[in-house]
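# A closer look at the structure
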Amino acid sequence: MSNNLVWLKKILASITICRLLNIAIVNISYVASIVFGRSMQKGKPISISIEPTTACNLSCPECPSGLKKFSRKTGFISDATIDNIISQFAKQLMYVTFYFQGEPLLHPKFVEYVRKLKSKNLIVSTSTNAHKLTKENNENIICSGLDRLIISLDGTDSETYLKYRKGGDFNLVISNIENFIECRKRLKSKSPFVELQFIVFKHNEHQIDEIKRYGKKLGVDSVSIKTAQLYEFEEGNELMPGLIKYSRYKKQADGKYRIKSKLPNKCYRSWSGNVITWDGNVVPCCFDKDADYIFGNIISDDYSKINKSKEYNNFRNQILKDRSKIDICRNCTEGL
């Protein structure tokens, strides 16, 4: 069965009348907002990202979690927060990315929480650096019902890999991937769909073709090539790839680099979903890594009130008016 058919089956299996109605309401409100030039948000998120933890075992140079440069605290999501999210969202929600910042497999209740989310017939994915994807964890992760597992592998040899994944162990990651694929075969499970993700930098762009072959050798379901988000880019960055196709940034006539996105004054993501941090804060999207735009807290506030709040509507109105005025949008790939 092709990958597209597998995902189509998962989507169809998760559809309910309530979710279909919510999708229609969200999309109608999004189109109406664009037409009338002001936020007319209705419905609840179709997809959300939930942050298990901000803790991480690596020190990647362009990651605030790995570098411990957050202004917000490091912590782990609690039972109460997960249960609160499920009670407020599950009827309308379809897709959960159980990851934001940090390494999700560091959470001791990762599998338990995936099971809870899956019990509500939600599609659930996560992203990992695979150091904690151990033989002891494999069977539990597979049997949890997790639908998609993204594994970061930014090099096909240890030297290249360690130039970005500081503190990592290339050989351990490869061994863990092989063991996971073998365990999935042994259990005769089609889930989770395993995607190898390769972020392109200057030091590894020569391995783009090689990582595709390597993915087939490892037995993963797909290999995705991802452009790198860089925080310091206007003057250039030593991590920036030379291949323009794989760079988010382009040199301008004034010698400065700018993101290639045209930044249209619209953003479907701000109508269809958001992020909930480990401590319950509701922020707009995955580009708000340090949670600078907090619209409320799911633990103390009802989401319907958060969604209609002055702060959230002002944010959406600014998107419709001039998205370039929002700092997190200026480094966003929407529109690329």
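Below is a summary of the structure that appears in this document. Predicted, not measured: the structure shown is a model, and the values here were computed from it.

## Re the overall build of the protein
- Helix and strand counts for the protein stand at eleven helices and ten strands.
- Radius of gyration (C-alpha) of the protein: 20 Å, near the 20 Å computed for a compact globule of 336 residues.
- Seen through its C-alpha atoms, the protein measures out along the principal axes to roughly 55 × 50 × 40 Å.
- A burial count over the protein gives 53% of its 336 residues as buried.
- Nonlocal contacts in the protein, meaning residues at least 24 apart in sequence, comprise 67% of its contacts between residues at least 6 apart.
- Of the roughly 15700 Å² that the protein leaves accessible, carbon and sulfur atoms contribute 52%.

## Focus: a nonpolar patch on the surface
- Nonpolar side chains collect at one region of the surface, where Leu5, Leu8 and Leu12 lie side by side and expose about 280 Å² of accessible area between them.
- Relative to the assigned elements, Leu12 resides in helix α1 (residues 3-14).

## Re the packing of aromatic side chains
- Counted by the stated rule, this structure contains eleven aromatic pairs.
- With centroids separated by 5.2 Å and ring planes inclined at 75°, the aromatic side chains of Tyr30 and Tyr268 adopt a geometry described as edge-to-face. Residue Tyr30 is located in helix α2 (residues 17-36), and its partner Tyr268 is located in the loop between β8 (257-259) and α9 (269-272); the two are separated by 238 residues in the primary sequence.
- For Tyr30, a relative accessible area of 12% corresponds to the buried category.

## Looking at helix α4 (residues 110-118)
- Among the residues of α4, Phe110, Tyr113, Val114 and Leu117 are the ones counted as buried. One face of α4 carries all of its buried residues, which in axial projection span an arc of 105°.
- Contact partners of the buried residues in α4: β1 (47-50), α3 (79-89), β2 (95-97) and β3 (123-128).

## Let's talk about the environment of Asn121
- Its location among the elements puts Asn121 in the loop between α4 and β3.
- Taking relative accessible area as the criterion, Asn121 reaches 34% and is therefore assigned partly exposed.
- Along the backbone, Asn121 and Phe198 are 77 residues apart, and their C-alpha atoms lie at a distance of 30 Å.
- Leaving out residues up to four positions away in the same chain, Asn121 has contacts with Ala13, Ser14 and Arg19.
- Engagement of the side chain of Asn121 in a polar contact is seen with the backbone oxygen of Ala13, the distance being 2.9 Å.

## So, unusual backbone geometry
- At the junction of Ser191 and Pro192, the peptide bond is cis and its omega measures out at 0° in the coordinates.
- Take Pro192: it is sitting in the loop between α7 (170-186) and β5 (193-200).
- A positive phi angle is found at Asn121, which is not glycine, with a value near 60°.
- The phi dihedral of Leu263 falls on the positive side, at around 50°, and the residue is not glycine.
- You can see Leu263 is positioned in the loop between β8 and α9.
- According to the relative accessible area criterion, Leu263 is buried, its value standing at 15%.

Calculation rules
- Residues numbered from 1 in each chain as written.
- Predicted model: local features only at pLDDT ≥ 70, side-chain atom pairs only at ≥ 80, totals over all residues.
- Heavy atoms only, no water.
- Helix = DSSP H or I, 4+ residues; strand = E, 2+ residues; numbered from the N terminus.
- Rg over C-alpha atoms; globule rule 2.2 N^0.38 Å.
- Buried < 20%, exposed > 50% of the residue type's maximum accessible area, 1.4 Å probe, protein only.
- Contact = heavy atoms within 4.5 Å.
- Areas by Shrake-Rupley, 256 points an atom, 1.4 Å probe, with all protein chains shown as cover.
- Patch = residues over 30% accessible without salt bridge, like charges linked within 9 Å, V, L, I, M, F, W, Y side chains within 5 Å.
- Salt bridge = Lys/Arg side-chain N within 4 Å of Asp/Glu carboxyl O.
- Phe/Tyr/Trp six-rings, centres within 6.5 Å; stacked < 30°, edge-to-face > 60°.
- Arc of directions from axis to C-beta.
- Polar contact = N/O pair within 3.5 Å; in protein donor to acceptor, adjacent residues only side chain to side chain.

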